[in-house]
Each structure stands twice: as structure tokens, then as C-alpha cells.
Amino acid sequence: METNAAPQQPLSFVPVFVPSFIFGNPFQPLFANNAPLYAAALAAQSAGLANPDFSVGDPNDAGFGWTIRGQGAVANGAATLTEGGAVYSGFSQTFKIPAGATKLRFTIVSSSFGDNGENPPDAFEAALLDPNTMTSLVGTAAGLGNTDAFFNMQSTGQTFVSPRVSMISGSGGQRTVEVDLAGVLHGDATLYFDLLGF
């Protein structure tokens with residue numbers, strides 16, 4: 001990427017419900033008008049993650065919980081990734097998957113990718129890895145090589161997902177992603193959200 005290129009638009013994912021763990025098999029509508037109802041319930045369900053709703057926005061606060069790489073920021077309960085700098089932008093956290101969790105869910109509220117011209121297009125990925133072996137706990141996105149991500153969204157909006165993933169489209173271009181945790185041992189895991197910019 002040229003250093004004088006115009007800055008890319010940010011990709012935002014707002015974890016009102018996310019990342020959250022689902023216990024049992026409740027399937028509820030996931031639209032913004034229900035956010036207050038779900039926020040309290042899902043905060044309790046996300047016990048394995050520190051600061052799962054990004055209510056703590058200061059990375060220097062002991063309760064922040066997330067590691068930020070590159071151009072990541074948190075404000076007003078939303079995490080935003082923007083391309084720029086020498087490394088990919090991302091959020092990650094190592095935690096214990098709570099006993100009884102059956103699914104992990106996150107919502108991408110908005111996304112806007114820039115035109116990279118002759119360079120490879122940008123992409124957003126999510127991965128859930130074993131922190132010791134760095135291998136995926138939930139499979140990898142079908143149709144892509146050399147990836148450990150269970151979810152990949154291209155700049156065109158095309159998605160590549162693990163067979164364990166289901167998606168729900170919401171209003172205003174929102175996408176809610178759920179990954180099935182059946183058979184995943186309830187132990188240590190690292191969750192990654194990455195914006196791959198070129």
C-alpha cells in the first residue's frame with residue numbers, strides 16, 4: 001500500500017450481543033430494537049470473556065481485556081478496525097470457553113472497504129484458536145487456503161465460512177455470525193477479529 005494512499009474507511013463491529021455465548025438452543029431475533037433486552041442476558045452468558053460488550057473503552061483500564069493491534073479503537077460500546085500502519089488491525093483475547101456454551105455469536109454492524117487498485121483486496125476475519133497450538137477450534141473457512149479463520153468477509157461482501165458457521169442478515173447491512181461449539185472442549189481459546197489490509 002502506498003503511504004500517500006487515501007485512508008480506508010473503518011470496519012466496525014458493535015458487540016451489543018457479541019461476542020456472546022449461547023447456552024442450550026434458544027434462537028432469538030437479533031435486531032437492534034431488542035438490544036437492551038439481550039444486553040443484560042448475554043453479558044451473563046459471556047462470563048468467559050473480559051469486557052465482552054466493550055463497555056470499557058480505555059485499553060489501559062485493567063477491565064479492558066482485549067489486545068489491540070494496529071488501528072483498533074473502542075468507543076460507545078463499539079469496536080472499530082481501520083486500515084493503516086505497519087501491521088494488520090485487530091482485536092484478540094485469550095479466555096476460557098464457559099462450560100455449557102454451545103455457540104459463539106458476534107455482529108458486524110457496518111463495513112466499508114476501500115479500493116486497493118492493483119493490490120489484493122482487504123478482508124475481515126474471525127478466528128477461534130487453541131492458544132497453545134494456534135490451530136482452529138471450529139474449522140476453517142471453506143474455499144480459502146492458508147487460513148485459520150472460521151469467518152472471512154471480502155471487500156465485495158462475499159463471505160467464506162467454516163461448516164460450523166451460520167449467518168443472519170439484519171437491517172442496514174448488519175450480519176450476525178454464529179459458530180457452533182459442539183465438540184469443542186471447554187477450556188482455553190483465543191478469539192481474533194482481524195482487518196487484513198493490503
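Residues numbered from 1 in each chain as written. Predicted model: local features only at pLDDT ≥ 70, side-chain atom pairs only at ≥ 80, totals over all residues. Heavy atoms only, no water.

**Points about the pattern of salt bridges**
Logical step 1: Applying the stated criterion to the full structure yields four salt bridges.
Logical step 2: A salt bridge links K103 to E178, with the nearest nitrogen and oxygen atoms 3.6 Å apart. On the criterion of sequence distance, the pair formed by K103 in strand β7 (residues 101-108) and E178 in strand β12 (residues 175-180) is long-range, its members being 75 residues apart.
Logical step 3: Accessibility expressed as a relative area gives 25% for K103, which makes it partly exposed.
Logical step 4: The partner of R105 in a salt bridge is E178, and the shortest N-O contact between them spans 2.8 Å. With a gap of 73 residues between them, R105 in strand β7 and E178 in strand β12 connect regions that are remote in the sequence.
Logical step 5: A single salt-bridge network, built from bridges that share partners, covers K103, R105 and E178. (Salt bridge = Lys/Arg side-chain N within 4 Å of Asp/Glu carboxyl O. Helix = DSSP H or I, 4+ residues; strand = E, 2+ residues; numbered from the N terminus. Buried < 20%, exposed > 50% of the residue type's maximum accessible area, 1.4 Å probe, protein only.)

**Concerning the environment of N152**
Logical step 1: Counting through the fold element by element, N152 comes out in strand β9 (residues 151-154).
Logical step 2: A relative accessible area of 3% places N152 in the buried class.
Logical step 3: On a C-alpha basis, the gap between N152 and A123 in space is 6.7 Å, while along the polypeptide they are 29 residues apart.
Logical step 4: Apart from residues no more than four positions distant in its own chain, N152 is found in contact with A123, F124, E125, L144, Q158, T159 and F160.
Logical step 5: For N152, the side chain forms a polar contact with the side chain of Q154, separated by 2.6 Å. (Contact = heavy atoms within 4.5 Å. Polar contact = N/O pair within 3.5 Å; in protein donor to acceptor, adjacent residues only side chain to side chain.)

**Considering the packing of aromatic side chains**
Logical step 1: Tallying each qualifying case throughout the model produces ten aromatic pairs.
Logical step 2: When the ring of F54 is compared with that of F91, the centres are 5.5 Å apart and the planes differ by 75°; the resulting orientation is edge-to-face. With F54 in the loop between α1 (35-45) and β3 (67-69) and F91 in strand β6 (residues 89-96), this pair connects stretches of sequence that are 37 residues apart.
Logical step 3: Exposure remark for F54: the relative accessible area of 1% places this residue in the buried category.
Logical step 4: Plain terms: the ring middles of F124 and F151 are 6.3 Å apart, the flat faces sit at 65° to each other, and that makes the pair edge-to-face. Separated by 27 residues along the polypeptide, F124 in strand β8 (residues 123-129) and F151 in strand β9 bring together distant segments of the chain.
Logical step 5: Here F124 falls in the buried class, since its relative accessible area comes to 0%. (Phe/Tyr/Trp six-rings, centres within 6.5 Å; stacked < 30°, edge-to-face > 60°.)

**Section: the sheet that holds strand β10 (residues 159-161)**
Sheets are built from strands that pair by backbone hydrogen bonding, the pairs being arranged parallel or antiparallel.
Logical step 1: One open sheet holds the six strands; their spatial order is β3-β6-β13-β8-β9-β10, and the pairing between them is antiparallel. At either margin of the open sheet sits one strand with a lone partner, and together these are β3 and β10. Strand-to-strand, the axes of this sheet are offset by a mean angle of 10°, without reference to chain direction.
Logical step 2: Taken together, the eight bridges between β6 and strand β13 (residues 188-196) define a ladder with antiparallel strand orientation. (Pairing = 2+ DSSP bridges. Axes fitted to C-alpha atoms, helices over the stretch in contact; angles between N-to-C directions.)

By themselves, these figures tell us nothing about what the structure is for.
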